[in-house]
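Summary of the model geometry
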Amino acid sequence: MASQMKSANECRQWMAHVHEAQMRRTPEGVQAARQRIEAARQYEISSRKCKAAKSHAVRSRALAAEGLRQMSCVAASAPEQHMEVQQRWRSAQAASSKRQVSAMAKADLALSASSAAAVLTEEEDEEDEAMAEAAELVGGDARSMALLGSEGLAAPRSGAVEELLKQLRQEPGDEAECSAKFMLFEGYSAEVEQMRGTLMKFHEETVAKVPGNVAADMKKQVKSIDSVEAMGIPDDAREWFVYHMMRKAERNNLKMAGILENFEKRLEFLASNDQAECPICLEAFQAQGAHSSETLSCCHKVCKDCWETWSSVTRGRPFCPLCRNEDFLGVITEHKVCKDCWE
């Protein structure tokens, strides 16, 4: 996101305001603020990792449903097209997994402060871009797939996913169709198992950072994933076993996506609750406008106006004012003393 360059006079006024605000703080106030800000940053990092895992789960549901939809449309005279659908699904699923890994790595990088900083891309934009990529690779419609993937989460249940699963009740007589549908199930089941591992790892990393009541609820939800009901299939099943296994994989995926969504909302609340003001100008964050929050690549948050002005002060090469707080305050003090710096 490009920052709007500020005039020399705007920079002078901003630095004077920031200098005055920072000088009013007591050492105890500074220490308390740093602790709150760091806690908020940790929650923000965890929230972004949680969203990355949930978004992958949603895309995986959407891709499996789209694969089944396309297979249901294959003509009886062209059974080989089932395998073509499966191959497109595999390619799109791999791309979705790669997106998740990239988003997780980006969040981990935020833990190590660097010399430069930038405003992170809006997570919703990244989600839309990832779904569009998956849709293009599998040959589906991104909007329709997004609705299928979020059915039971952001979107109400329509029964569309369950309806698509019904085609698996009877084992196909054609070898190509049978192989393609089994491989789709096998691949999706493996993805769901990997998601379980991702969720467990995320829980282990996060549970010690959150308040006790939140940690207890997280533990309870995670434990429910491994219940007999979640993992088993009916003993008296008469349909093709793939149907029941695929239904269980789908339901487990939906359950995990729901748990991740719940975790994400809690972490977002904790992050916003611990940091209600810009740590630079000390003014309260607002939903929109100059004092709306900007999340930097290190996951610290500052208001939009402060970031834009600081970018101008540093001639377009800003560093995080919190990761390098002493350097930041040194620049502000220097320009406060040197009145001709912006003449």
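About the thresholds
- Residues numbered from 1 in each chain as written.
- Predicted model: local features only at pLDDT ≥ 70, side-chain atom pairs only at ≥ 80, totals over all residues.
- Heavy atoms only, no water.
- Helix = DSSP H or I, 4+ residues; strand = E, 2+ residues; numbered from the N terminus.
- Buried < 20%, exposed > 50% of the residue type's maximum accessible area, 1.4 Å probe, protein only.
- Contact = heavy atoms within 4.5 Å.
- Lys, Arg positive; Asp, Glu negative; His and termini not counted.
- Charge placed at Lys NZ, Arg CZ, Asp CG, Glu CD.
- Core = buried A, V, L, I, M, F, W, Y, C linked by side-chain atoms within 4.5 Å.
- Phe/Tyr/Trp six-rings, centres within 6.5 Å; stacked < 30°, edge-to-face > 60°.
- Lys NZ or Arg CZ within 6 Å of the ring centre and 35° of its normal.
- Expected span 1.5 Å × (residues − 1).
- Arc of directions from axis to C-beta.
- Polar contact = N/O pair within 3.5 Å; in protein donor to acceptor, adjacent residues only side chain to side chain.
- Salt bridge = Lys/Arg side-chain N within 4 Å of Asp/Glu carboxyl O.
- Axes fitted to C-alpha atoms, helices over the stretch in contact; angles between N-to-C directions.
- Left-handed = near helix turned anticlockwise from the far one by under 90°.
- Nonpolar A, V, L, I, M, F, W, Y, C, P; charged D, E, K, R; others polar.

**Focus: the overall build of the protein chain**
- Counting its secondary structure elements, the protein chain contains twelve helices and two strands.
- Reading the helices (α) and strands (β) of the protein chain from amino to carboxyl end gives α-α-α-α-α-α-α-α-α-α-β-β-α-α.
- For the protein chain, the C-alpha atoms occupy an extent of roughly 85 × 40 × 30 Å along the three principal directions.
- Sorting the 343 residues of the protein chain into buried and exposed places 46% on the buried side.
- Residue pairs in contact within the protein chain that sit at least 24 positions apart in sequence constitute 75% of those at least 6 positions apart.
- A distance of 3 Å separates the average location of the 44 positive side-chain charges in the protein chain from that of its 53 negative side-chain charges.

**Thoughts on the nonpolar core**
- Leu168, Val210, Met246 and Phe263 are the most contacted members of the largest nonpolar core, which totals 57 residues.
- Mapped onto this core, the elements with two or more residues apiece are helix H2 (27-72), helix H3 (81-109), helix H4 (123-138), helix H5 (142-149), helix H6 (160-165), helix H7 (175-206), helix H8 (212-223) and helix H10 (241-274).
- The biggest single contributor to this core is H10, with 13 residues.
- Counting residues in hydrophobic clusters, the runner-up holds 23 residues, among them Cys303, Cys306, Trp307 and Phe328.

**Quick notes on the side chain of His203**
- Of note, His203 is situated in helix H7.
- Each residue touching His203, except ones within four places of it in the same chain, is listed here: Met218, Lys219 and Val222.

**A few points about the packing of aromatic side chains**
- In total, this model carries seven aromatic pairs according to the counting rule given.
- A ring pair is formed by Trp240 and Phe241, whose centres lie 6.4 Å apart and whose planes are at 80 degrees; its orientation type is edge-to-face.
- Look at Phe241 and you get partly exposed, because its relative accessible area is 45%.
- Cation over ring: Arg324 sits above Phe319, and NZ or CZ is 3.9 Å from the ring centre.

**Let's talk about unusual backbone geometry**
- Unusually for a residue other than glycine, Leu282 sits at a positive phi of about 65 degrees.
- One non-glycine residue, Cys299, lies in the positive phi region at around 75 degrees.
- Its location among the elements puts Cys299 in the loop between strand E1 (293-295) and strand E2 (301-303).

**Topic: H8**
- For H8, which comprises twelve residues, the first-to-last C-alpha distance of 16 Å matches the rise-based estimate of 16 Å (1.5 Å per residue) to within 8%.
- The complete set of buried residues in H8 reads Val214, Ala215, Met218, Gln221 and Val222. Buried residues of H8, viewed axially, fall in a sector of 130 degrees; they line one side. Relative to its buried face, H8 has exposed residues pointing more than 90 degrees away, namely Gly212, Asn213, Lys219, Lys220 and Lys223.
- Buried residues along H8 sit in contact with H7 and H10.

**Regarding H7**
- With 32 residues, H7 should cover 46 Å at 1.5 Å per step; its first-to-last C-alpha distance of 46 Å lies within 8% of that length.
- The N-cap residue of H7 is Asp174: its side-chain oxygen and the backbone nitrogen of Ala176 are 3.0 Å apart.

**Details of the pattern of salt bridges**
- Within the structure shown, the criterion is met by 21 salt bridges.
- Between Glu127 and Lys51 there is a salt bridge, with its nearest N and O atoms 3.6 Å apart. One end of the pair, Glu127, is in helix H4; the other, Lys51, is in helix H2, and 76 residues separate them in sequence.
- A salt bridge links Arg266 to Asp217, with the shortest nitrogen-to-oxygen separation between them at 3.1 Å. Of this pair, Arg266 sits in helix H10 while Asp217 sits in helix H8; the two residues are 49 residues apart in sequence, bridging distant segments of the chain.
- Salt bridges linked by common partners bring Lys51, Lys54, Glu127 and Glu264 together as one network.

**Considerations on the packing of helix H1 (residues 8-23) against helix H11 (residues 304-313)**
- Close contact between H1 and H11 brings their axes to 10 Å; oriented N to C, the two are set at 120 degrees. Crossing hand, H1 versus H11: left-handed. Residues Glu10, Cys11, Trp14 and Met15 of H1 form the contact with H11, whose participating residues are Asp305, Cys306, Thr309, Trp310, Ser312 and Val313.
- Of the residues in the contact of H1 with H11, the class split is six nonpolar, two polar and two charged.

**Here's the deal with the environment of Ser179**
- Along the polypeptide, Ser179 turns up in helix H7.
- It is 20 Å that separates the C-alpha atoms of Ser179 and Gly139, two residues lying 40 residues apart in sequence.

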